[in-house]
Amino acid sequence: MSETAENLKVLICTGTGGLASGAASVVAAFEAEFEKKGVAAKIGSACDVNSTGCRGLCANDVLVDICKPGEEPVTYDFVTPDLVPQIVDEHVLGGNPVEKKVAGPYYHQFLEKQQRIIFSRCGTIDAESLDDFLAHRGFTGIQKAVTMSQDEVINEVKKSGLRGRGGGGFPTGLKWSFAKGSPGDTKYLICNADEGDPGAFMDRSVLEGDPYGLIEGLMIGAYAIGCKFAYVYVRAEYPLAIKRLQLAIDTCYEKGFLGKNCMGLGFDLDMRIKAGAGAFVCGEETALMASIEGQRGMSRPRPPFPAVRGLWGYPTNINNVETFANVAYIFYNGADWFSSIGTEGTKGTKIFALTGKVKHTGLVEVPAGTTMKEVIYDVCGGILNNRKFKAVQAGGPSGGCLPAEALDAEVDYDSLIKAGAMMGSGGLVVMDETTCMVDIARFFLNFTRVESCGKCIPCRIGLKIMLEILERITQGKGQEGDIEMLEDMAYDIKKSSLCGLGQTAPNPVLSTIRYFRNEYETHIKDKECPSHSCKELLHFRVIEDKCKKCGICPRVCPVDAIEWEKGKVAYINLDKCTRCTSCYDACRFMAID
Amino acid sequence: MVNLTIDGKQITTAKTSTIYEAAKENGIYIPVLCYAKKLLPYGACRICLVEVEQMKGRLIPSCTTPVTEGMVVTTTSDEINKVRKTVLEFLLVNHVVDCPVCDKGGECDLQDLTYEYEVVTNRFQGEKFDLPTDEVNPLIERNMNRCVLCGKCVRVCDEVVGYGSYSFINRGFETKIATAFDRGLNCEFCGQCVSMCPVGAILPRPFKFKARPWQLKDVDTVCGYCGNGCTVTLGVKDNQVQTIRFNEDTGVNHGNLCVRGRFGYSYVNDATRLTKPLIRKGGELREASWDEALVTIAEKFKAAGKDLGIISGARLTNEELLLLKRISSALGTHHLDHSGGECYQGLTAGLNETMGISASTGTFPQVEKCNAILAIRSDFYETHPVFGMVINQAIRLNDAQLSVIADKRGKLSKLPNARTLMHKPGCEINMINALCQVIIAEGLAKTDDLQGLAELTKALADYTPETVAKMVGADAEAIKKTARELAGAKNAAIVVAYGLPYTAHSKEIAIAASNLALLTGIAGREGSGLYLCGEKANSQGAIDLQITPGPAGLGAQQMLNSAAEGRLPVLYLVGEDPVVTYPDQGLVKKALEKSFLVVQDLFLTDSAKYADVVLPAASFTEKDGTFTNAERRIQRLRAGIKSPGEAKSDFVVFQSLLNKLQKTAPAAPAAAFGELTGEVAGYAGIVYEQIGPQGEVWGGETLAPLKKVLIPVAGNEPLQAEYQLLVGSALYHSGSVSTRSKGPMSVCPEPYIELGRDDAVTLNVKTGDMIQLKAAGVTIQSKAKVDNRLPKGVIFAPYHFAGLGLNRIYTGQSVIAVEPSKL
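Residues numbered from 1 in each chain as written. Chains lettered and ligands numbered in written order. Predicted model: local features only at pLDDT ≥ 70, side-chain atom pairs only at ≥ 80, totals over all residues. Heavy atoms only, no water.

Asks: Can you break down the domain arrangement of chain B residue by residue, with the values?
Replies: Residues and elements named next belong to chain B. Examined at the domain level, chain B breaks down into domain 1 (2–76), domain 2 (125–266), domain 3 (278–339 + 541–686), domain 4 (346–535) and domain 5 (724–822). The partner domain 5 presents 20 residues to the 19 residues of domain 4 that form the contact. In total, about 1500 Å² of surface goes out of reach between domain 4 and domain 5, with carbon and sulfur atoms giving 58% of it. When residues of domain 4 are sorted by the area they lose upon contact with domain 5, Lys408, Pro425 and Pro501 head the list and together hold 34% of the total. Our count for the domain 4 to domain 5 interface comes out at zero salt bridges. If you tally residues by element for the side of domain 4 that touches domain 5, the top one is helix α11 (residues 380–383), at three residues. Partitioning the side of domain 4 that touches domain 5 into residue classes produces eight nonpolar, five polar and six charged. (Domains from an automatic or database assignment. Contact = heavy atoms within 4.5 Å. Buried area = accessible area lost by both parts, 1.4 Å probe. Salt bridge = Lys/Arg side-chain N within 4 Å of Asp/Glu carboxyl O. Helix = DSSP H or I, 4+ residues; strand = E, 2+ residues; numbered from the N terminus. Nonpolar A, V, L, I, M, F, W, Y, C, P; charged D, E, K, R; others polar.)

Asks: Describe in detail the sheet that holds strand β12 (residues 240–245) of chain B, supporting the description with residues and values.
Replies: Residue and element names in this part refer to chain B. Here three strands make up an open sheet; going across it, the order is β10-β11-β12 and the pairing antiparallel. Edge positions in the sheet fall to β10 (217–222) and β12, since each has one partner strand and no second. This sheet shows a mean twist of 35° between the axes of neighbouring strands, independent of strand direction. Bridge analysis of β10 against strand β11 (residues 231–237) gives six bridges, and the strand direction is antiparallel. Among the inter-strand pairings, Thr221 is bridged to a residue of β11, identified as Val232. (Pairing = 2+ DSSP bridges. Axes fitted to C-alpha atoms, helices over the stretch in contact; angles between N-to-C directions.)

Asks: How would you summarise the interface of chain B and chain A if you had to cite specific residues and measurements?
Replies: Of the residues lining the interface, 37 residues belong to chain B; the matching set on chain A comes to 34 residues. Our enumeration of links across chain B and chain A arrives at seven salt bridges. Note that Lys495(A) and Glu79(B) form a salt bridge whose closest N and O atoms lie 3.2 Å from each other. Applying the counting criterion to the chain B and chain A interface returns 18 residue pairs in polar contact (both at pLDDT 80 or more). Counting only elements with at least two residues in the side of chain B that touches chain A, the list comes to α2 (78–94) and β7 (167–169) of chain B. The element that contributes the greatest number of residues to the side of chain B that touches chain A is α2(B), accounting for nine residues. Within the side of chain B that touches chain A, the residues separate by chemical class into 18 nonpolar, eleven polar and eight charged. (Polar contact = N/O pair within 3.5 Å; in protein donor to acceptor, adjacent residues only side chain to side chain.)

Asks: Mind laying out the confidence of the model for chain B, listing which residues take part and the relevant values?
Replies: Residue and element names in this part refer to chain B. Here chain B shows a mean pLDDT of 94. Residues at 70 or above account for 100%. Across chain B, the element-wise mean pLDDT spans from 86 in helix α9 (residues 344–355) up to 98 in strand β24 (residues 613–616). Scored as a complex, the prediction yields pTM 0.92 and ipTM 0.91. (pLDDT = per-residue confidence, 0-100.)

Asks: Which residues make up the environment of Gly256(A), and what values do they have?
Replies: All names here are of chain A. Here Gly256 shows up in the loop between α12 (239–254) and β7 (270–276). As a C-alpha pair, Gly256 and Asn573 span 317 residues in sequence and 72 Å in three-dimensional space. Here Gly256 is in contact with Asn261, Cys262 and Met263, once residues within four sequence places are set aside.

Asks: Just give me the short version of the pairing of strand β21 (residues 529–533) of chain B, but keep the residues and values in it.
Replies: All names here are of chain B. Counting buried residues in β21 gives five out of five residues, a clear majority hidden from the surface. Taking every second residue as pointing to the same face, both faces of β21 are buried, with Gly529, Tyr531 and Cys533 on one and Leu530 and Leu532 on the other. Bridge analysis of strand β20 (residues 492–497) against β21 gives five bridges, and the strand direction is parallel. Within β21, the position partnered with Ile494 by the bridge is Leu530. Each parallel crossover has a hand, and for β20 linked through helix α17 (residues 506–519) to β21 it is right-handed. (Buried < 20%, exposed > 50% of the residue type's maximum accessible area, 1.4 Å probe, protein only. Right-handed = clockwise from strand over helix to strand, strands pointing away.)

Asks: Mind laying out the packing of helix α8 (residues 318–331) of chain B against helix α22 (residues 650–660) of chain B, listing which residues take part and the relevant values?
Replies: Residue and element names in this part refer to chain B. Axis separation between α8 and α22 bottoms out at 9 Å; the angle between their running directions is 25°. The orientation of α8 relative to α22 falls into the category roughly parallel. Every pair of crossing elements has a handedness; the one defined by α8 and α22 is left-handed. On the side of α8, the interface is formed by Glu319, Glu320, Leu323, Leu324, Arg326 and Ile327, while α22 contributes Asp650, Phe651, Phe654, Gln655, Leu657 and Leu658. Split into classes, the residues belonging to the contact of α8 with α22 amount to seven nonpolar, one polar and four charged. (Parallel < 35°, antiparallel > 145°, perpendicular 65-115°, else oblique. Left-handed = near helix turned anticlockwise from the far one by under 90°.)

Here it is as structure tokens:
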């Protein structure tokens, strides 16, 4: 191991985002180039090309770090295989970074306000290497945990103040104590990695970037509760995550880290991946357990809670990926260290997945208590195309939309709920002035309506009727009283639904009504969409004083319906127009309504 | 116990209760839609939501939430009512609301709730369902446009029946209940889903447009088919049984029925029922008056005296059997027997030798709480489907381990965790002996006050699991596991079913099973039991009343032998059709031809065609009295309809006959029951009028053995033949009377010969091809049915159908060597 510190290292992001941008060919290009040019001999040290996990700034993939011994690492973004020879020649061999290609100051700004704890290994270590993991404090947490009694481990977690990162924010230590307290020898531990919120991918990143870290968290949990079998329920749409985690589990079995007498520490733990079959509702814990049992993923009534009667009728503890990832670090650094981060009610950091109309989409990890504004503007560089911020949807389909006034809300469980959203799993969808809030409510409701398991009546039928009303409104067929009807239905559905899906599904509607009621009213009364986003309500007119005469709209029009000459305002011939909205989407000046 | 408050009322209830159950117990009404007493809590419909002070902020489903100490519950408030009403409005948006033509109209839960909550208008709008209805099968119609997705059909089919025909498919609003690949329903057609459906989504097709529910008179009685003794509720209109209805509050079966019980009633309304006595004149059966018939019979009987042979069915009531016994003693004959004499009597006789009793030692509700169950014969579910459901419940609710000693796979083999101990045909005793051997050898036996242990131990030396496994092709390890489970279980049950197609070795099997029950301590232990299940509704009653040969009397088979040789001049068949159902058809026909034959039955059966006098009898739906089921439960039958024409109940016929013989007879079944309580040990103290909905179990819930004697019985050598025929029961039929019922006949209309896949390939036979079986020079032919439950070389044929003539080659063997060939 000692040698590796002397080696030249190339860290290449090979998370799903990186791979989608061509990371695999970049890895191959570096390896080929090193080989071809005999770089190792020339610089006098071995060259490691490491496939790491995601480092957050997915918008700028492929990200590559060149770490020369004794020097600060240099980060390149938007790397393609063509660029590799130049980097090798000029930087690795020549000693001068390719300045034009080095990631700009935004990269440092992106990292500056973050506190990357869970992500400390993602993007640094080779995700598939147990040795690399061990070199980065891997499995020291569990070694520490087993020196304590089960109750002491649980108390340590309680003391840390860790709350469930799946969205509910239930204190993790308390949850563990319930499962531990349930009688019986057979107990199960489940890691919920069925991350299904639109625009959320932080769990995937952890699974892909630090699978051993997750295994360590599960080992600590299993030891504390007294489980001998752990399931990781990963959605099947994460093939890379499944592959890497499976590889990690297999390696652990091979090395005796899992199975009988794990690591020689005196406890047994078996671990298995269960690939979810594509239902959002399987992220709900009771439906998830039904799915593991081979049943249809449908929610079951609670109580009895899983800690009493869970998987196959045995006491079961379910936590989210990020929660388990946190656990490992609590045992590396101690509960006091952990509880020193964050706010009164929310300790530690939280990972957010930023998508939508934000400049630097990707994953950020910030201490709880950071404001929404800091996350969107300071870390992620603000709104795309410098448009005006309108709202951010926090907490996925179960959460709510926060307007500009609420941007000072701190990201912790309690403040977000107070503001009308929720922490949820950590997806943040940023919306600018072109986004219609009625349409967003419709979008999320369409998602939950399709993903409802169909068991309870309010969720199965109620959501569909709410959706139909929203669709009507966005089509200009809204009626007086629709808003009140939606609010009333939302209330009844929240009150009467069986599981979390139905109980929270109306939230996007309620929060958009709360903050953007005027948009609903304009749709209903004036049959206008203030954001000019609802297709049925667009007029396909060019607004003369907004048009900058740039000529982009005629170029994107597929049916040549736009007449334009250089220096003139464009004109849309409505007889030819097919209302496809290409021009509207292309116009950067909001000059088409 | 837990204390809580519901609507201001202080309530103390069991810790395991839900809020709904606690409320119901105390007469507090909470509306429900998806709740069902016999199913696990589900919580889908949200109609039963209540407020709980300790769980503020949301509404709590009362049907799934357990009670906790100090809970304060409110069952109605403006908010609760509003939410309930909203839920109903939601349902009615898409429901087709075709109540005027829906058979459920009038007893539909959705209709009732809509009415109760005055959902006069609907605030919401939406599309109406327009799904195709499933009318592929003849018995159960599924109209998913009326479905409220309460999931009761899915749950009952899984949790109770263990078939799993239904599942939810799709997601969200498109969710619906469907079969595999959304095809037409094709299952065992027990109709549990029909009985559970709260709306008109699943309906019995034979009842379509027959009557409005409120036009039906409900009559609770006992099913006339098997020894399970299920309560059936006759839906009567126009002196016809229009349907069999659902009553989960009465009887032993929680409203569960099988295809026969639920759909097999139409024979009672059949136009071909006998309506007048017939007397053979000039070689032909001609209609005659009752008096003429009775006078003729009385004369013949008197002339025959002690040489009269009486063979009765086991579907007569206890009271009728008592009178029949009086007739036999009035005439001085000891030749009295019943259909069970061929099989069930052997079983009970075996038990009598070992334990001094001749009935099951436990009751069905105890089986539900068992941890280990051994079923002897794979056909157990087929002969006693509802008892099979009880076993399934033990597996589901109590995690019981089921083992099946089987010569072929059946429904029981498919239940969760079922261990099928396969063996070569005819070798059940070898298997049971091996189980006993393991228990003794491993020191697991409960040997207190057992007699004959040394002899048995010695005799079992040749029955080590390894030896038996090698001999009969079984798995030695599986035998050992089963033996250990049975010996170690807190509560265990051994169940044996019997019937006319299983006449061989019945006494020996009973003794072997008793040995096992004694060694494991199962017999007579509270919660455990040995269950002997006769084939017919009153098989146990016939044993209790000793409808068996008297001293030096002949049994059924011997009577037929004797009659065939011309030594028994007069035969009286009551409710039996031996030409179709008894072994050795040639012998039976000869016997019936040679004797003066009196047949008393519902139909002009194949046997009745040989009769000199035929008396038209009444079905179980037309009479009062009692049946005793396989767990010794005495239950009351109640007449729902009048018999057709001049047909009379066996009770009335026997009364008249006794009068003709110058004997007195009790005036009514109640009086007859009073007399038999004085004569039948165990029945003493039971009062006819006081027999309630759950019946009366004679001998108590657990019947203690009077002695504990172990008796060695030898196993059998497997038959050496390439192809071996097993005779048995099919699920859709019971005896031969079900073949006259439209329901069972619509799904299993004709005889068949069943082959395993391997044999089908060897013989080049596909389902539906005609094949022939040859045995001892006789051939029978039928359509083939290819399945995967038979081991190689084993062929199966059900015995119910007259058309097959199976008893031309079946003469009582446990297994028959046959030569199959394709036609």
